[in-house]
Amino acid sequence: MKIAFYGANRVAKDFYYVLKDTDMEVSLCFADASEDAAGFAQGTGLETVPVASLPALRANFDMLVVCDFSHEEKEQTLQAMGLAHGKEYQWVEEIFPLFDDVQLNPEEKPMLVWGCGRKGEQFYHWNTAYEVEAYLDRAPQGEAFYGYPCRKPETVQDWSRYFVVVAVARNEAICDFLEQQGCRRYRDFCTYEDIESLPSTLLRQTILQPEVYDFTCRSMLNHAEIGGRGNVICCCSTFIRNSLGDISEERSFRDCWNSFVHRILCLSNVNRTYSFCLHDMCPLFIGRHETRDYHLSKPYPEMEDAPRTVAVGFDYTCNLKCVTCRKDFRVAKEEDKRQIQSIAEMVRDQVLPGCEFLIMAGDGEVLLSDAYRTVYASEQMKHIRWLRLLTNGLLFTPEKWAELRRYTDAKIMMTVSIDAATPETYANIRRGGDVCSIGEEYGVCQPVA
């Protein structure tokens, strides 16, 4: 489909950035006299012409997409030309739902949000697009939640009248209950994660955010973290909540990395809105300020073909049972072990060839796990320039060092965790550390001298 933009501004530049590799081809851009048409053309490479030429060029495109933070001025111009909204042109935010895998229609019915805990609070702070009638909680702490009526679910007489957003961490039971009431997922209810991760939601959050920050970060363009169940994050998982999905037999790492969602997240880096970053967690936001100082003529950088920095932590197998992490020894077995091994092989084959800096492992003990060994004891490690090992150190032997060196010439950084300043604290927290083993029952009793 050939489309044209009306608006030589940041909104148009942002939308143009995410349209790469979609079936929407942008042919040209119409600009108002007050807009920096030359700067926009330099920043995007799009042909940019005065809006007065729109009627004469109408046959050159299939759809006109109007891009701006507000509608009023451009709507007056288009109406003066005799063009009708919905027929001859669309607002850019009306195009966003075309990229969703599922269609939600929460605007068609009053919205209830089920959950007054942390998830409900997150939804309250996040939501700027939907009108909420009330919050629900089985044990409400009061009659109001951030100014909204708060009541028990039993007070709802007809669930079909509402669209329900389930904002609860463990939501399976609530989703089952709603389905028993005849509600259908996506049509009558969804989870906070469902609505938060829609491409249309993500596009609204970054493209329609006028303020930008006064610093530059490119982590999302070249960084990946692969966690439990193969979950892929394009930054440190401490600093961002949004995921690119899980890698599996059906979905490769390249599928996640080259996804439309990843492109939107990268946009939030290059346009400096940082819409998906946890500003209270990432240290880059300390002392930084929002501004509207924006350089339209500077082209956006492209995301890397593969991440150059990769952190992995997908195997919970460990030789300790630290009180901060688990109640007992945990070693992956059976189906878990097969899935973890499959993730390791995908990391080895698809991630290592493009990686320069490998960090392992954010979960479990790297020198115990067979899956992690699949990664670091492989020929693909020759591409790695820096290797950082996060370990409790109990299995670090001269033989293990020799094995690491056999497969890579990378500079190796050893980060040894002890979580203690005294032997007594170590014994209390790092349970099993005095034995240096996880027991004969697992067949991996490896005392270290």
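Let me sum up the structure you'll find in this document. Just so it is clear, the structure is predicted and the values come from calculations on it, not from any experiment.

The rules behind the values
Residues numbered from 1 in each chain as written. Predicted model: local features only at pLDDT ≥ 70, side-chain atom pairs only at ≥ 80, totals over all residues. Heavy atoms only, no water. Phe/Tyr/Trp six-rings, centres within 6.5 Å; stacked < 30°, edge-to-face > 60°. Helix = DSSP H or I, 4+ residues; strand = E, 2+ residues; numbered from the N terminus. Buried < 20%, exposed > 50% of the residue type's maximum accessible area, 1.4 Å probe, protein only. Lys NZ or Arg CZ within 6 Å of the ring centre and 35° of its normal. Pairing = 2+ DSSP bridges. Contact = heavy atoms within 4.5 Å. Axes fitted to C-alpha atoms, helices over the stretch in contact; angles between N-to-C directions. Polar contact = N/O pair within 3.5 Å; in protein donor to acceptor, adjacent residues only side chain to side chain. Core = buried A, V, L, I, M, F, W, Y, C linked by side-chain atoms within 4.5 Å. Parallel < 35°, antiparallel > 145°, perpendicular 65-115°, else oblique. Nonpolar A, V, L, I, M, F, W, Y, C, P; charged D, E, K, R; others polar.

### Brief notes about the packing of aromatic side chains
Next, step 1: In this structure the tally under the stated criterion is 28 aromatic pairs.
Next, step 2: Ring centres of tyrosine 124 and tyrosine 148 lie 6.3 Å apart, and the angle between their planes is 75°; on these two criteria the pair is classed as edge-to-face. Remark: tyrosine 148 occurs in strand S9 (residues 148-151) and tyrosine 124 occurs in helix H5 (residues 118-126); sequence separation between them is 24 residues.
Next, step 3: The exposure class of tyrosine 124 is partly exposed, given its relative accessible area of 28%.
Next, step 4: Classification of tyrosine 148 by relative accessible area gives partly exposed; the value is 26%.
Next, step 5: In this structure an aromatic cluster arises from ring pairing among Phe5, Phe15, Phe96, Phe99 and Phe260.
Next, step 6: If you follow lysine 74 out to its NZ or CZ, it ends over the ring of tyrosine 6, 5.1 Å from the centre.

### Topic: the sheet that holds strand S7 (residues 132-136)
Next, step 1: Pairing within the open sheet is mixed, and its six strands lie in the order S8-S9-S7-S6-S10-S11. Each end of this open sheet is capped by a strand with a single partner; those strands are strand S8 (144-145) and strand S11 (189-191).
Next, step 2: Summarising the sheet, S8 and S9 pair through two bridges and their orientation is antiparallel. Pairing of alanine 144 across the sheet is with proline 149, part of S9.
Next, step 3: Across the sheet, H5 lies against strand S6 (111-114), S7, S8, S9 and strand S10 (163-166), angled at about 165° from S7, the strand it touches most.

### Some remarks on unusual backbone geometry
Next, step 1: Across the junction of methionine 360 and alanine 361, the peptide omega takes the value 5°, indicating a cis bond.
Next, step 2: Topologically, alanine 361 is positioned in the loop between strand S17 (357-360) and helix H13 (370-376).
Next, step 3: Of note in this structure, aspartate 21 is not a glycine but carries a positive phi near 70°.
Next, step 4: By the element assignment, aspartate 21 lies in the loop between helix H1 (10-18) and strand S2 (25-31).

### Notes on the sheet that holds strand S14 (residues 232-233)
Within a sheet, adjacent strands bond to each other through the backbone by hydrogen bonds, running parallel or antiparallel.
Next, step 1: Ordered by their spatial adjacency, six strands build an open sheet running S14-S13-S16-S17-S18-S19, and the pairing between neighbours is mixed. Where the open sheet ends on each side, the last strands, each with one partner, are S14 and strand S19 (411-416).
Next, step 2: Where S17 meets strand S18 (residues 386-391), four bridges bridge the pair, whose relative direction is parallel. In the strand pairing of S18, isoleucine 359 is matched with arginine 388.

### As for H1
Next, step 1: Counting buried residues in H1 gives eight out of nine residues, a clear majority hidden from the surface.
Next, step 2: Along H1, the residues classified as buried are Arg10, Val11, Ala12, Lys13, Asp14, Phe15, Tyr17 and Val18.
Next, step 3: Among the residues of H1, the N-terminal cap falls to asparagine 9, whose side-chain oxygen and the backbone nitrogen of valine 11 are separated by 3.2 Å.

### Some points on the nonpolar core
Next, step 1: Within the largest apolar cluster, 89 residues are counted, with the highest numbers of intra-cluster contacts made by Phe5, Phe15, Ile226, Phe314, Leu358 and Met360.
Next, step 2: Per element, the largest residue contribution to this core is seven residues, and it comes from helix H11 (residues 260-270).
Next, step 3: Not counting the four nearest positions on each side in its chain, methionine 360 is found in contact with Val312, Val366, Tyr372, Val375, Tyr376, Leu387, Arg388, Leu389 and Leu390.
Next, step 4: With 18 residues, the next largest nonpolar core counts Cys116, Trp126, Phe163 and Val165 among its residues.

### Remarks on the packing of helix H8 (residues 199-207) against H11
Next, step 1: Look at H8 against H11: their axes get within 10 Å of each other, and the N-to-C directions meet at 10°. With respect to H11, the element H8 is oriented roughly parallel. Across from Pro199, Leu202, Leu203, Thr206 and Ile207 in H8, the residues of H11 making contact are Phe260, Val261, Ile264, Leu267 and Ser268.
Next, step 2: A per-class count over the contact of H8 with H11 returns eight nonpolar, two polar and no charged.

### Focus on the side chain of arginine 326
Next, step 1: Residue position: arginine 326 is located in the loop between strand S16 (309-312) and helix H12 (334-351).
Next, step 2: By relative accessible area, arginine 326 is classed as buried at 9%.
Next, step 3: From its side chain, arginine 326 meets the backbone oxygen of tyrosine 316 in a polar contact 2.7 Å long.
Next, step 4: Non-local contacts of arginine 326, meaning those with residues more than four positions away in its chain, are made with Tyr316, Cys318, Leu320, Lys321, Asp363, Gly364 and Arg431.

The values are spatial; any link to function lies outside them.
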